[in-house]
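Each chain is listed here by its residues.
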Amino acid sequence: MRQAMIISNPSSGKEEAQQYVSQVQEILESQQYEVMVNETAGEGDATNYCLSACKDGCDLVISIGGDGTLHETINGMMDQEHRPRLGVVPLGTVNDFARALNISLDPEEAIRQLGSEQIHKVDLGKINDRLFANVVAAGSLAEALFSVSSEEKSKLGSFAYLKEGLKDLMNTPAKPLTIEYDGQFWEGESPLFLAALTNSVGGFEKLSPEAAVDDGLIHCFVIRSMNVFNTVTLGTSLLFGNLMNHKDVDYFTAKEVHVRSTEAIHTNVDGEEGPSLPIQISVLPRHIDVIVPEEV
């Protein structure tokens, strides 16, 4: 019998995760899986559970939770010879990974989609010694992102990020950045550097419209300046998928990126606090198999 592991964050989705676990278990058992259920209780639990699933030769891992739970889950697959297929039931505030793969943001529909036979090979990113599924941000906005409270995220969703980010950027000067990528070089001052694997960042599905989950590229944006005069145009460009063409934005794609600064700068990785600069980012092309909805 095939083996499946459910990794559930009981605090996700306004603490509604538990009610979905039995539904997932039922659909997996109908597909002849033997199912093990694990609930996270603290940082690193999802990673350890997924690592066990890899070592035990598990066929499928289901992540029930937000982008943070997913981030931890995929890190259990790092450097493993056997990597189970991944299913996602999104319960978080933003759910960028699910958005990029057209997985329903309605948990019950996402659970039904787990019955799909459609598999998509998806890129993962690596930042220093960690994997990431979606985005790395460095600079003022990155620091603002992990300062947003869980309560604000629940109330405002992606608008919590936008509100906090714009407020912070308007009041924080740009910082020196040195970026090396695929043999090229960028140096200057910037309030924000973004490295995205998918088209959806912070719930804005058009930030990087050219990005595909399997294109083997990191899509990078460097905002050169942000002030009271260009905030509106930057926001408009973000909403309409034209950020890469804004006059105050440098855009490039790469397979490997090194970012450093002479000042202390924090990062945000998949919506959670990440390492401080310097960082090394690379892409692992088509690294995991993800269950996606059947094509219509």
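Data block above holds the structure.
What counts, and at which threshold
Residues numbered from 1 in each chain as written. Predicted model: local features only at pLDDT ≥ 70, side-chain atom pairs only at ≥ 80, totals over all residues. Heavy atoms only, no water. Helix = DSSP H or I, 4+ residues; strand = E, 2+ residues; numbered from the N terminus. Buried < 20%, exposed > 50% of the residue type's maximum accessible area, 1.4 Å probe, protein only. Disulfide = S-S within 2.5 Å. Salt bridge = Lys/Arg side-chain N within 4 Å of Asp/Glu carboxyl O. Phe/Tyr/Trp six-rings, centres within 6.5 Å; stacked < 30°, edge-to-face > 60°. Lys NZ or Arg CZ within 6 Å of the ring centre and 35° of its normal. Pairing = 2+ DSSP bridges. Core = buried A, V, L, I, M, F, W, Y, C linked by side-chain atoms within 4.5 Å. Contact = heavy atoms within 4.5 Å. Expected span 1.5 Å × (residues − 1). Arc of directions from axis to C-beta. Polar contact = N/O pair within 3.5 Å; in protein donor to acceptor, adjacent residues only side chain to side chain.

(A) Region of interest: unusual backbone geometry. Residue Leu-277 is joined to Pro-278 through a cis peptide bond whose omega torsion reads 10°. Within the element layout of this structure, Pro-278 appears in the loop between strand S15 (272-273) and strand S16 (279-291). The backbone phi angle of Asp-182 is positive, close to 45°, even though this residue is not glycine. On the basis of relative accessible area, Asp-182 is assigned to the partly exposed category, the value being 43%.

(B) Broad picture of the state of the cysteines. By the definition in use, this model includes zero disulfides. Distance from the sulfur of Cys-54, which forms no disulfide, to the nearest cysteine sulfur (Cys-50) is 4.4 Å.

(C) Structural view of the pattern of salt bridges. Counted by the stated rule, this structure contains five salt bridges. Put simply, Asp-289 and Lys-121 hold a salt bridge, and the shortest N to O gap is 2.9 Å. Taken together, the residues span a long stretch of sequence, with Asp-289 in strand S16 and Lys-121 in strand S5 (residues 119-127) at a distance of 168 residues. The class for Asp-289 is partly exposed, based on a relative accessible area of 24%. Given the relative accessible area of 39%, Lys-121 is considered partly exposed.

(D) Here's a closer look at the packing of aromatic side chains. Going through the model one piece at a time under the given rule, you end up with two aromatic pairs. Arranged with centres 3.6 Å apart and planes meeting at 15°, the rings of Tyr-181 and Phe-252 form a pair that is stacked. Residue Tyr-181 is located in strand S8 (residues 175-181), and its partner Phe-252 is located in strand S12 (residues 249-254); the two are separated by 71 residues in the primary sequence. Taking 5.0 Å as the distance between ring centres and 45° as the angle between the ring planes, the aromatic pair formed by Phe-221 and Tyr-251 counts as tilted. Within this pair, whereas Phe-221 is found in strand S11 (residues 218-223), its partner Tyr-251 is found in strand S12, the two being separated by 30 residues in sequence. With relative accessibility at 1%, the residue Phe-221 sits in the buried group. Here Arg-2 stacks its cationic end above the ring of Tyr-33, 4.1 Å away from the centre of that ring.

(E) Spotlight on helix H4 (residues 67-75). Within H4, nine of the nine residues are buried, which leaves it mostly tucked inside the rest of the structure. Of all the positions in H4, only Asp-67, Gly-68, Thr-69, Leu-70, His-71, Glu-72, Thr-73, Ile-74 and Asn-75 are classed as buried.

(F) Molecular detail of the sheet that holds S11. Pairing is antiparallel across the open sheet formed by six strands, whose spatial order is S12-S11-S10-S7-S14-S15. The open sheet terminates on both sides in strands that have one partner only, identified here as S12 and S15.

(G) Representation of the nonpolar core. Core analysis: the largest hydrophobic core is formed by 28 residues, its most contacted members being Ile-74, Leu-86, Phe-97, Leu-101, Ile-288 and Val-290. At the level of secondary structure, the elements contributing two or more residues to this core comprise strand S1 (2-8), helix H3 (45-55), H4, strand S4 (85-90), helix H5 (96-100), S5 and S16. Broken down by element, this core gets its largest block of residues, four residues, from H3. Excluding residues that lie within four positions of it along the chain, Ile-74 makes contacts with Leu-86, Leu-124, Leu-131, Phe-132, Ala-133 and Ile-288. Formed by 24 residues, the second largest nonpolar core is a distinct cluster that contains Ala-138, Val-222, Phe-252 and Ile-265.

(H) Region of the structure containing helix H2 (residues 17-30). Relative to the 20 Å expected for 14 residues at 1.5 Å per residue, H2 spans 21 Å between its end C-alpha atoms, a close match to the ideal helical length. Of the positions making up H2, those classed as buried are Ala-17, Tyr-20, Val-21, Val-24, Ile-27 and Leu-28. Take H2 and look down its axis: the buried residues cluster within an arc of 140°, on one side only. Exposed residues on H2 whose side chains face more than 90 degrees from its buried face are Glu-26 and Ser-30. Once H2 finishes, Gln-32 follows within two positions and takes phi at roughly 70°, a positive value.

(I) Region of interest: the environment of Asp-215. Counting through the fold element by element, Asp-215 comes out in the loop between strand S10 (192-196) and S11. On the basis of relative accessible area, Asp-215 is assigned to the partly exposed category, the value being 26%. Once the C-alpha coordinates of Asp-215 and Arg-286 are considered, the two residues, 71 residues apart in sequence, prove to be 8.2 Å apart. A polar contact is formed between the side chain of Asp-215 and the backbone nitrogen of Leu-217, at a distance of 3.0 Å. In this structure the side chain of Asp-215 is engaged in a polar contact, spanning 2.8 Å, whose partner is the side chain of His-219.

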